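Analysis of the macromolecular model
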Amino acid sequence: MDLSSCLALWISTLLASSSGALSHVLPDIADPEFIRRCVQAHNVYRSRANPPAANMRLMSWDDSLARGARSWARHCKASHNPVLQQVGRSHPEFRRVGENIWLGAPYSAFTVESAIHTWNKEGADYTHQNQSCARICGHYTQLMWATSYKIGCAVHVCSRGIDNFSTNPESTIFVCDYGDAGNVFGFPPYIVGLACSSCGAEKCKDKLCRYDWTPGWDFVPSSAHRLSHWLNNPVLRISFGMCLLLFYATH
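Notes on the structure in this doc start here. (Residues numbered from 1 in each chain as written. Predicted model: local features only at pLDDT ≥ 70, side-chain atom pairs only at ≥ 80, totals over all residues. Heavy atoms only, no water.)

Turning to the sheet that holds strand 1 (residues 60–61), a few remarks are in order. Sheet architecture is open: 4 strands sit in the order 1-5-6-2, paired in mixed fashion. One side of each edge strand has no neighbouring strand; the edge strands of this open sheet are strand 1 and strand 2 (98–104). One ladder, built from 7 bridges, connects strand 2 with strand 6 (residues 171–179); its direction is antiparallel. Bridge pairing in strand 6 places Trp-102 opposite Phe-174. (Pairing = 2+ DSSP bridges. Helix = DSSP H or I, 4+ residues; strand = E, 2+ residues; numbered from the N terminus.)

Set out below in structure tokens:
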């Protein structure tokens, strides 16, 4: 293979990586498409709250929450991070942070949408009138917690399995952390009523209250960052290295 062909291969690999050709590589917490899917799936279910929610806030991404989710996912435990409920320990702004966890195997069983759909299905067992749950509803109530307006998620494959879940080498954990924390004892997840009727000064968007405050550390991936993320991909680094070796060997 000559140098021009090698470079063409490397460039095509670079371009393909953004469209899923490297689907076996786990999405990073800074991957714009992963962020978009996590935020969108949450907001879709929140906007479709049944019964309707009068004060449901629109969710957006928080990089600090995502780093916390990634850190806990790497522990490969079928339990919640005990630090989250310790005031001021898990985030620079939120006093407490909420958390949802999805577990599955193999990795091919995971998609952002299917995991969040699993949490939403718990709503069938939740009764809003008396805040009671027939089975397990904690994932649903956190997903629907009206005052939680920031999320950060991460997915990790545990090659040695997940404690108290599975020894499968493709055991997968998906963690989403939320600010403010939901599931506060004695309070419902949201106020039942006409969508956006309790937004106050906040704007209504897609049946959700848009809270425009953004922390100073909020992270919005730029096109330059996306390119940097692709270049840090191990497959791309190997192919580019081969091109460099070929170049020096032929000159």
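All right, on to the pattern of salt bridges then. Side chains carrying opposite charge are able to pair once their charged atoms draw close together. Under the definition given, this model contains 6 salt bridges. Between Arg-37 and Glu-113 there is a salt bridge, with its nearest N and O atoms 2.7 Å apart. Of this pair, Arg-37 sits in helix 2 (residues 32–47) while Glu-113 sits in helix 4 (residues 112–121), and the two are 76 residues apart along the sequence. A relative accessible area of 33% means that Glu-113 is categorised as partly exposed. Here Asp-63 ties to Arg-67 by a salt bridge, and the two come within 2.7 Å at their closest N and O atoms. Of this pair, Asp-63 and Arg-67 both sit in helix 3 (residues 63–73), 4 residues apart, roughly one helical turn. Using a relative accessible area of 12% as the deciding quantity, one classes Asp-63 as buried. On the basis of relative accessible area, Arg-67 is assigned to the partly exposed category, the value being 41%. (Salt bridge = Lys/Arg side-chain N within 4 Å of Asp/Glu carboxyl O. Buried < 20%, exposed > 50% of the residue type's maximum accessible area, 1.4 Å probe, protein only.)

This part covers the nonpolar core. As a rule of thumb, nonpolar side chains are buried together in soluble globular proteins. Counting 45 residues, the largest nonpolar core has Trp-61 and Phe-174 as the members making the most contacts within it. When residues of this core are assigned to their parent elements, the largest contribution, 6 residues, is made by helix 2. One finds Leu-65, Leu-84, Val-97 and Tyr-149 within the second-largest nonpolar core, a separate group that totals 5 residues. (Core = buried A, V, L, I, M, F, W, Y, C linked by side-chain atoms within 4.5 Å.)

Time to look at the state of the cysteines. Following the criterion strictly, the structure yields 5 disulfides and no others. One disulfide in the model links Cys-133 with Cys-137; its S-S distance is 1.9 Å. In this structure the cystine formed by Cys-133 and Cys-137 twists about its S-S bond by roughly 85 degrees; its chirality is therefore right-handed. In this model Cys-199 forms its disulfide with Cys-209; the gap between the sulfur atoms is 2.0 Å. (Disulfide = S-S within 2.5 Å.)

Another aspect to go through is the side chain of Glu-122. Among the structural elements, Glu-122 can be located in the loop between helix 4 and strand 3 (126–127). Buried Glu-122, no salt bridge; nearest opposite-charge side chain is Arg-135, N-O distance 9.0 Å. At a separation of 3.5 Å, a polar atom in the side chain of Glu-122 contacts the main-chain amide nitrogen of Gly-138. In terms of polar contacts, Glu-122 uses its side chain to reach the side chain of His-139, at 2.7 Å. What Glu-122 contacts, discounting residues up to four positions off in sequence, is Ile-136, Cys-137, Gly-138, His-139 and Tyr-140. (Lys, Arg positive; Asp, Glu negative; His and termini not counted. Polar contact = N/O pair within 3.5 Å; in protein donor to acceptor, adjacent residues only side chain to side chain. Contact = heavy atoms within 4.5 Å.)

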